[in-house]
Amino acid sequence: MSGFVYIDLTTLASVRGQPVGISRCQQKYADYAYRRLPNVRFTLFDPTSRCFRNLAREPAEAIIQGTLKLDTTMAPDLNAHRKHFVDRLPVQLRPLYWWLSKPRRRMIALLEPVRLSRQTTGTSDLAAKIQNLLIKRKERPRYFDADGKRINIFDFSRLVGEPVKFLREDATLAIQSDWVHTDIASIATLKSKTGWRHVILCHDIIPIQFPQWYQQPDVDGFKTYYDGAFRIADRVMFTSTCTERDARNYCQASGFDIDDRAVVPMGADIVANRKAAGHLPAGLEPHKFALFVSTIEPRKNHRLLIDAWRSMATSGVIKRSGFKLVFVGRPGWQMGSFYNDITSDPLLKDSVIHLQNVDDEALARLYQQTAFCLYPPKFEGFGLPIIEALAYGKALLVSNAGPMQEIAGGFAVALDPENPADWEREMTNWIENPDEREKWATKARLGYEPLTWDASAKQFFEKALAPFAER
């Protein structure tokens, strides 16, 4: 195509810790575009003026690599359905509010430009030392990467250039959590003036389908975004045919259709036989634990596994086998007493382990040394842990809801996510009869071939930009 391809990096610049799910996909696709697309440009969305701002290649590369982040503490919330106390204050008083409510965080932010300034080494080092004293242990993933190296955190105004002046032949690719970090009404207005091409990547419409799993303002904001985005998009990309079908049904019920669409599955860069350095977390033995990788939230269905595991503990399966159940993922929302249950219940506290802030190397070690993997969500848009588990050659018990059987492709045992007894039966069988799980592990090792992230990205950009390519 003759114009530029613009990719917004606001989500990637805002998330803390290891990118997972949507932000992992955004990172991999943006990295491919940075290396392979000669006409790519990057942006950040300005939450104040509601427009895209130019981002130079150097900070764009740092954001993609995870060494640079945005200070989002005082950024306006673009979800008009979510009302915060600070949003009702006059603009002039908001900085004072943040200083009164989060003085330590604001002091860290105030010292950041001093730390990053190398004109006076002594002053820079002093700022870093003061910051280290102010940063709490649990906050370290916000400020340090997996190797313990400091992440540079910039104020929005210090990173961006002028607003983007789109031309008709340009294309924008919305491949992030745009319902959180952009404003679709403003984008629609800007697009109507110039008529550039807009492509969106829809991972799922689960908050619309199952609003009970989310807070209502977030559901309203998500719905507002997609009601607008589906209408103005020149092409809609999906990661599964199931999500494509669900989105089309939703739009048709609303009186219109998604005429231009394509499906490209996500990827995984796994070298199953590469030895991951280091040791397992304390209390874990190789091939004596089952692994579930996912953010802790209602639809991921951790409680189903807890119910099944508690029953297995009652029957003596867990004690006889010495097996443990490992959850890897950041804490999510609406989980009530879940964390207290797994640490205080006598039947669970010694055999259920929750790990968070796990880097890629440690996660690889867990995948390589687990006995088998679990993925029981009540619904999903895709399920990256499915292809990760299979790429590592692991036996997998997977939910039969949504697209998960489509993604597993016959290489996993599919079970009802509403029936703990089914999961208890199969987990017990695989724990007590290793040969049974080894049949499925062998099937995955010999037959499953996931897309690499580069192969997925190549397909994505070819299909996303195909309607606009010059002959």
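Residues numbered from 1 in each chain as written. Predicted model: local features only at pLDDT ≥ 70, side-chain atom pairs only at ≥ 80, totals over all residues. Heavy atoms only, no water.

A few words now on the sheet that holds strand S14 (residues 372-375). Reading across the sheet, the six strands line up as S13-S12-S11-S14-S15-S16 and stay open at both edges, with parallel pairing between neighbours. Lying at the two open borders of the sheet, with one neighbouring strand each, are strand S13 (352-355) and strand S16 (413-415). For this sheet, the mean angle separating the axes of adjacent strands, direction not counted, is 25°. Taken strand by strand, helix H14 (residues 302-314) contacts strand S11 (289-293), strand S12 (324-328), S13 and S14, and its axis lies near 170° from that of S12. (Pairing = 2+ DSSP bridges. Helix = DSSP H or I, 4+ residues; strand = E, 2+ residues; numbered from the N terminus. Axes fitted to C-alpha atoms, helices over the stretch in contact; angles between N-to-C directions. Contact = heavy atoms within 4.5 Å.)

Inspection of the entire model under this criterion finds 28 salt bridges. A salt bridge links Arg106 to Asp71; the nearest nitrogen and oxygen atoms lie 3.3 Å apart. Taken together, the residues Arg106 in helix H5 (residues 103-116) and Asp71 in the loop between strand S4 (68-70) and helix H4 (94-101) connect sequence positions 35 residues apart. Salt-bridge contacts for Arg445 lead to Glu438; the nearest nitrogen and oxygen are separated by 2.5 Å. For Glu438, a relative accessible area of 35% corresponds to the partly exposed category. What you see here is one network of salt bridges that share partners, running through Asp31, Arg35, Arg36 and Asp454. (Salt bridge = Lys/Arg side-chain N within 4 Å of Asp/Glu carboxyl O. Buried < 20%, exposed > 50% of the residue type's maximum accessible area, 1.4 Å probe, protein only.)

Attention now moves to the packing of aromatic side chains. Under the definition given, this model contains 28 aromatic pairs. Taking the centre distance of 5.9 Å and the plane angle of 85° together, the rings of Phe52 and Phe166 count as edge-to-face. Of the two residues, Phe52 is situated in strand S3 (residues 51-55) and Phe166 in the loop between strand S6 (160-163) and strand S7 (171-174); the sequence distance between them amounts to 114 residues. For Phe52, a relative accessible area of 6% gives the class buried. We classify Phe166 as buried; its relative accessible area is 10%. Relative to Tyr448, the ring of Phe411 lies with its centre 5.5 Å away and its plane at 75°, an arrangement referred to as edge-to-face. With a gap of 37 residues between them, Phe411 in the loop between helix H19 (404-408) and S16 and Tyr448 in the loop between helix H21 (434-447) and helix H22 (453-465) connect regions that are remote in the sequence. Each member of the pair Phe411 and Tyr448 is classed as buried. Aromatic ring contacts, followed pair by pair, group Phe4, Tyr6, Phe45, Phe52, Phe166 and Trp196 into a single cluster. For Lys443, the ring lying beneath its charged end belongs to Phe411, and the centroid distance is 5.9 Å. (Phe/Tyr/Trp six-rings, centres within 6.5 Å; stacked < 30°, edge-to-face > 60°. Lys NZ or Arg CZ within 6 Å of the ring centre and 35° of its normal.)

The next point concerns unusual backbone geometry. Although it is not a glycine, Arg50 sits at a positive phi angle of roughly 55°. Relative to the assigned elements, Arg50 resides in the loop between strand S2 (40-46) and S3. In this model, His287 sits at a positive phi of 65°, which is unusual for a non-glycine residue. For His287, the location among the structural elements is in the loop between strand S10 (261-263) and S11. Note on His287: relative accessible area 40%, which makes it partly exposed.

Moving on: a nonpolar patch on the surface. Nonpolar side chains collect at one region of the surface, where Leu93, Leu96 and Leu100 lie side by side and expose about 320 Å² of accessible area between them. Relative to the helices and strands, Leu93 resides in the loop between S4 and H4. Among the residues examined, Leu93 registers a relative accessible area of 43% and is labelled partly exposed. (Patch = residues over 30% accessible without salt bridge, like charges linked within 9 Å, V, L, I, M, F, W, Y side chains within 5 Å. Areas by Shrake-Rupley, 256 points an atom, 1.4 Å probe, with all protein chains shown as cover.)

With that settled, the discussion passes to the sheet that holds S2. Strand order in this open sheet of eight strands is S6-S3-S2-S1-S7-S8-S9-S10, and the pairing throughout is mixed. The sheet is open, and its two borders are formed by S6 and S10, each paired with just one other strand. Averaged over neighbouring strand pairs, the angle between their axes works out to 30° when direction is ignored. Set on the sheet, helix H2 (residues 22-36) makes contact with strand S1 (5-8), S2 and strand S8 (197-202); between it and S2 the angle comes to about 140°.

For the rest of this paragraph, the subject is the pairing of S8. Most of S8 is tucked away: six of the six residues are buried. Of the two faces of S8, both are covered, the one formed by Arg197, Val199 and Leu201 as well as the one formed by His198, Ile200 and Cys202. Strand direction decides the pairing type here: S7 and S8, joined by four bridges, are parallel. Paired with Leu173 across the bridge in S8 is Val199.

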